[in-house]
Every structure is written in structure tokens, then in C-alpha cells.
Amino acid sequence: MAADLSNIVKAYDVRGVVPDEWDESLAELFGGAFVEVTGASAIVIGHDMRPSSPGLSAAFARGAAARGVDVTLIGLCSTDQLYYASGSLDLPGAMFTASHNPAKYNGIKLCRAGAAPVGQDTGLSQIRELVEKWVEAGAPAVAAGTVAGTVSELDSLPGYSAHLRGLVDLSGIRPLKVVVDAGNGMGGHTVPTVFEGLPLDLVPMYFELDGTFPNHEANPLDPKNIVDLQARVLAEGADLGIAFDGDADRCFIVDERGVGVSPSAITALVAARELARNGGTGTVIHNLITSWSVPEVVRENGGTPVRTRVGHSFIKEEMAKTGAIFGGEHSAHYYFKDFWNADTGMLAALHVLAALGGQDGPLSALVASYDRYAGSGEINSTVDDQAARLAAVKATYAGREGVTVDELDGLTATGEDWWFNVRASNTEPLLRLNVEARDEATLAKVRDEVLALIRG
């Protein structure tokens, strides 16, 4: 293995091809480095259904235990189930998953006690430097006289399920027929326990845990991956469909017509419910490419919206700083104060079930009031020079009458009845464009003008 790990240590996690880019020997070093940097005396470890996950997580546990740290293994779990274990046990945690990436990939999502995220600025760069040093030196030194820590096992699924069910009142909902596409990921492990005993006619799709993803990629934000779910919702005459990603920390909703519901509309719906739970007050975080409808709904329901950069570390940081009750992103990540500020798609799904089951109308009618504008979705363009193309867009819009420009994250330009954001990808030569407008005609006009500038 190379001593330079910059190709696998990303902004928020470790991720790469197994065994080409990393393997169990490296995982063992990451385990040792994680406990050195966090100063932990005990940690909790979970893993997803990928073929390489059990071996990698066991190696990480060995590396941690060798340094005198007690390890609790929770085995197969969703990422938010690992956050639950970290929060409820008040221990740093490691989750072995590569989310929706193809089968050959694996990774580690790390957190401190209470599910506080570990990213480049909060320990991940130090962990990387330590592992690189140890790779160069041949092996990490363990202090003389260190007694190896204990390794024990814990089933955290019942506690995780009970915690989530305690946060949403589903006792009085009408019976609903729901199709769930787990994508052969960890939703197939968590959904049966969490949904047990609810008045739901559950139609399971791809619940078999299979890290080779034989049916489709476990990324519900890509339209081709929800085609099966949309067809099944219509065929079953179901009230809604729910799709989870590979590690089941994100959920995507399909209405009774088989139409995808925008994550911004779900953010607005859940925000309204969380504000009601908190007496009509509270701060709600949203990133800068969620719909205008999100801050509008938050204000209408007595809350204070706070706009942040894209990325879960920024959302979690802002939630901790402001004491926010909820946060949502366009990428279908939903964060809850009552879940240690961590993201859980399952809790968002329970809110949708409670909202739908608490009234008589269809889901499409329920979410219509939260989906107020025309949106482009994310449009990616491959460019040679990101900075030059961004500068060209800024030069065109910055001086326009009635247009405001800000650079909180990339470039956002806002007119009277439209806005757009252009951001550079950190990992690829791409510019990402999101446009929203009050009507489709305005949307098309703004989108086409900005794309012409981006694509030069």
C-alpha cells in the first residue's frame, strides 16, 4: 500500500477500491490511528452488507483493541443505526460502508462520541497522517505494558427502532400500503423491525442483503434507480413508495402516482412537523440549493431558517452552533436534533408516513403545498477550467439590475422570480448547476443562458 493516502481519505470519510487501494492491513492501522486521535477508551463499530465489510471492520477492531481500547461490535447495521449506537452509548464510532458506490468500493464513516462527525478539519487529516507515518515505518508502536482491550457484541437494532418510534407518533394513522425498495442495502435489515406492528401493508423490494447490488445501484437520487419502485407503486395501487440508499441513511419518496417527491418538499414537510412538535419555534437548517419553499414554510410555521453550504459537516456544525431542531439537504439527507444532530432517512420516512396517515388525502395533494416552484435538479457540465467558467458567469450576472450575487458556496445569483447556484466539484472537473424559478418558462430561459456561459 502507498504511504500517500490522499486518494482514499476524502473530505468526510475514507473510501476506495478493495483491495487495490486499501485492505485489512490498512484498516487495522486506521483503527489504531482513530483511537490515538480521539483519545477514546472505548469505541463502537458497525458495517454494511458489502462482501469486504466484515473483514475490514474486524481488522479495524483489532487495531483499536491492541491499543487497550474496548470495542463494541454491532455487526450489520445502517449508518444511522451506527450513529444511534454512538449517541446512546456516548462512544466514538466507525461505520464500514461505501454507501451507494459499486461493490468493489468500501469505506469508513467516523464519528466522535455522541455521533459528532469526523472530517478533514475535525481529526480525519490527523488520522491520515498517522496511518501514512505507520505505513512508512512498517508498524505502529504500542506502549509497553498495554493490555489489549475487550471485544464484545451488541444488538442495537431494537434500541434504534424504539428510539425512532418514540420521536414520531404513528399510533393513530390510517392503514397505508407502502412499497419499500431497499436496493439490496441495509434498509432490508432495518425496515422490518422499525415498521413492525404499524398499520402498514408493506410490499418489500430487494430486501436481500447483497453488496454486489444485483438489481440496481443503491442510489435513489439517480432516476434510473427508482424506475422499479415507481412501477411497483402503480401496480400495487400503493399509497407511497420509499427508496433507501445502500447504507440506508438517505430515503427518497415516490407518491401514489409513481412520481418522485423532491427532497426539498420533504424537508419542508418535516420542518413543519418538527416545528409543531417544538411549540412553533426553532431553527431549521437548509443548504443553499434547497428550494425557496423550505425557508418560506419554516417562517410560516414560526421557525427561523438558516442557510448553509452544501455538505453534511457544514449542516451538522451549524446545527450544533444554532441548536437547530432539524436540517435538510437536496440530496435527501435529513438531520434531527433528537438524533444527535445526525442524519437519518428512516426518521424522515416515519414523518412522511405519520403526515400521510394522519389525513385522508393522497400524498401528491399533501406535498403540493410544499413544492411551490419549478426546479432544474442538478445539471453537471464537464469543463476544462472551473474558475474561468465561474468567473464568466459572475461577470455576466454581478452587474445586472435587480440581481444579487453571493459566494457562500460557489456562485449564487438571485433575481425577482428565479435563482441559480453554480458550484465546482471537489473531485471531478465538473460544474454543478441548480436553477429554480416561479414558472417553467423562466426556469428554461435562465437555465439555458447559464449553461451557455458554463459550456463556453
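Residue numbers restart at each chain and count upward from 1, following the sequence in its written direction. Local features are withheld for residues below a pLDDT of 70 in this predicted model, meaning they are given only at 70 or higher, and side-chain atom pairs are given and counted only at 80 or more; totals for whole chains, interfaces and linings count all residues. Only heavy atoms go into the side-chain values, all of them from the structure, while hydrogens and water stay out.

Undergrad: Could you clarify how one ought to interpret the overall build of the chain in this entry?
TA: Helix and strand content of the chain: 14 helices and 22 strands. Atoms considered for the radius of gyration are the C-alpha atoms alone. The globule rule reads 2.2 Å times the number of residues to the power 0.38. Taking 2.2 N^0.38 as the reference for a compact globule, 456 residues should give roughly 23 Å; the C-alpha atoms of the chain span a radius of gyration of 22 Å, in line with that estimate. Considering only C-alpha atoms, the chain reaches an extent of 70 × 55 × 45 Å along its principal axes. The buried label applies to any residue whose accessible area, calculated with a 1.4 Å probe on protein chains only, is under 20% of its type's maximum; exposed applies above 50%, and partly exposed to all values in between. When each of the 456 residues of the chain is scored for burial, the buried share is 55%. Contacts were defined at the residue level, with two residues in contact if any of their heavy atoms lie within 4.5 Å. Counted over contacts in the chain with a minimum sequence separation of 6, partners at least 24 positions apart contribute 68%. Working note: accessible area of the chain is about 17500 Å², and carbon and sulfur atoms make up 49% of it. One way to put it: in the chain the 35 positive side-chain charges average out to a point 4 Å from where the 59 negative ones average out. A run of H or I in DSSP counts as a helix once it spans at least four residues, and a run of E counts as a strand once it spans at least two, with each numbered from the N terminus. Surface exposure here means Shrake-Rupley accessible area, sampled with a 1.4 Å probe, where a residue is shielded only by the protein chains that are shown. The charge count treats Lys and Arg as positive and Asp and Glu as negative. His and the chain ends do not count. Here the site of a charge means NZ on Lys, CZ on Arg, CG on Asp, or CD on Glu.

Undergrad: Looking at this model, I keep getting lost on the nonpolar core. Mind explaining?
TA: The nonpolar side chains of a soluble globular protein tend to be buried with one another. Membership of the largest hydrophobic core comes to 73 residues, with the highest contact counts inside it found for Phe195, Leu240, Ile242, Phe244, Ile253, Leu350 and Leu363. For this core, the element with the most residues is helix H11 (residues 345-357), which contributes 10 residues. Residue contacts for isoleucine 242: discarding those within four places in its chain leaves Val178, Val179, Val180, Asp181, Phe195, Leu229, Cys251, Phe252, Ile253 and Ala349. In terms of nonpolar packing, the next biggest core, distinct from the first, is built from 33 residues, Val9, Leu26, Leu56 and Val118 among them. Among buried residues, those of type Ala, Val, Leu, Ile, Met, Phe, Trp, Tyr and Cys that are joined through side-chain atoms within 4.5 Å constitute a nonpolar core.

Undergrad: How do you make sense of the environment of valine 180 when you look at a structure like this?
TA: Tracing the chain through its elements places valine 180 in strand S8 (residues 176-181). In sequence terms valine 180 and isoleucine 253 are 73 residues apart; their C-alpha atoms lie 9.5 Å from each other.

Undergrad: Looking at this structure, I do not really get the sheet that holds strand S9 (residues 200-205). What am I missing?
TA: Backbone hydrogen bonds hold the strands of a sheet together, and the pairing may be parallel or antiparallel. Here, strands pair whenever DSSP counts at least two bridges between them. Ordered by their spatial adjacency, five strands build an open sheet running S9-S8-S10-S11-S12, and the pairing between neighbours is mixed. Across the chains shown, the open sheet's two edge strands, defined by having one partner strand only, are S9 and strand S12 (260-261). Taken together, the four bridges between S8 and strand S10 (residues 240-244) define a ladder with parallel strand orientation. Each bridged residue has a counterpart across the sheet, and for valine 179 the counterpart in S10 is glycine 241.

Undergrad: What am I meant to see in the layout of surface pockets here?
TA: Rolled over the atoms, a probe sized like a water molecule indicates the empty space that remains. Of the grid points, spaced at 1 Å and generated over the protein atoms alone, those admitting a 1.4 Å probe that cannot get out make up cavities, while open sets with protein on both sides within 12 Å along at least five of seven lines make up pockets; any residue with an atom within 4 Å of a point is treated as lining. Grid points are joined across faces, edges and corners, and a volume is the space filled by probe spheres set on the points. Size it by volume and the second largest pocket reaches roughly 210 Å³. Together, 13 residues line the second largest pocket, and His286, Trp292, Pro295, Arg307 and Trp419 are the ones closest to its centre. Listed by contribution, the elements that provide at least two residues to the lining of the second largest pocket are helix H9 (293-300) and strand S20 (411-414). The element best represented in the lining of the second largest pocket is H9, accounting for three residues. Three categories are distinguished: nonpolar for Ala, Val, Leu, Ile, Met, Phe, Trp, Tyr, Cys and Pro, charged for Asp, Glu, Lys and Arg, and polar for the others, with Gly belonging to the last. Its residues assigned to classes, the lining of the second largest pocket comprises four nonpolar, five polar and four charged.

Undergrad: What exactly am I supposed to notice about the pattern of salt bridges here?
TA: Side chains that differ in charge, positive against negative, can pair when their charged atoms come close. Any Lys or Arg side-chain nitrogen found within 4 Å of a carboxyl oxygen on Asp or Glu counts as a salt bridge. Enumeration according to the criterion identifies 26 salt bridges in this entry. Here lysine 177 and glutamate 236 are joined by a salt bridge, their closest N and O atoms 3.0 Å apart. Here glutamate 236 lies in helix H7 (residues 227-236) and lysine 177 lies in strand S8, a separation of 59 residues in the sequence. By relative accessible area, glutamate 236 is classed as partly exposed at 27%. Across the salt bridge formed by aspartate 222 and lysine 224, the nearest N and O atoms sit 2.7 Å from each other. On the accessibility criterion, lysine 224 (55% relative accessible area) is exposed.

Undergrad: What's the story with the packing of helix H6 (residues 187-195) against H11 in this structure? I'm lost.
TA: Packed helices, taken two at a time, are described by the angle between their axes plus the distance between the axes. Axis lines are fitted through C-alpha atoms, for helices just across the contact stretch, and the angle between N-to-C directions can take any value from 0 to 180 degrees. Relative to each other, H6 and H11 sit at 40 degrees, their axes nearing to 12 Å. Judged by the angle between their axes, H6 and H11 are oblique. Here H6 and H11 pass one another in a crossing that is right-handed. Side by side, H6 and H11 meet where Thr190, Val191, Val194 and Phe195 of the first sit next to Met346, Leu350 and Leu353 of the second. Residue composition of the contact of H6 with H11, grouped by class: six nonpolar, one polar and no charged. Relative orientations are named as follows: roughly parallel for angles under 35 degrees, roughly antiparallel for angles over 145 degrees, roughly perpendicular for angles from 65 to 115 degrees, and oblique for any other angle. With the far helix as reference, a near helix turned anticlockwise by less than a right angle produces a left-handed crossing, and one turned clockwise produces a right-handed crossing.

Undergrad: Is there a simple way to explain the side chain of threonine 283 in this structure?
TA: Structurally, threonine 283 can be placed in strand S13 (residues 283-287). Take threonine 283: its relative accessible area is 15%, and that puts it in the buried class. Excluding anything up to four places from it in sequence, threonine 283 contacts Thr304, Val306, Thr322, Ala324, Ile325 and Phe326.

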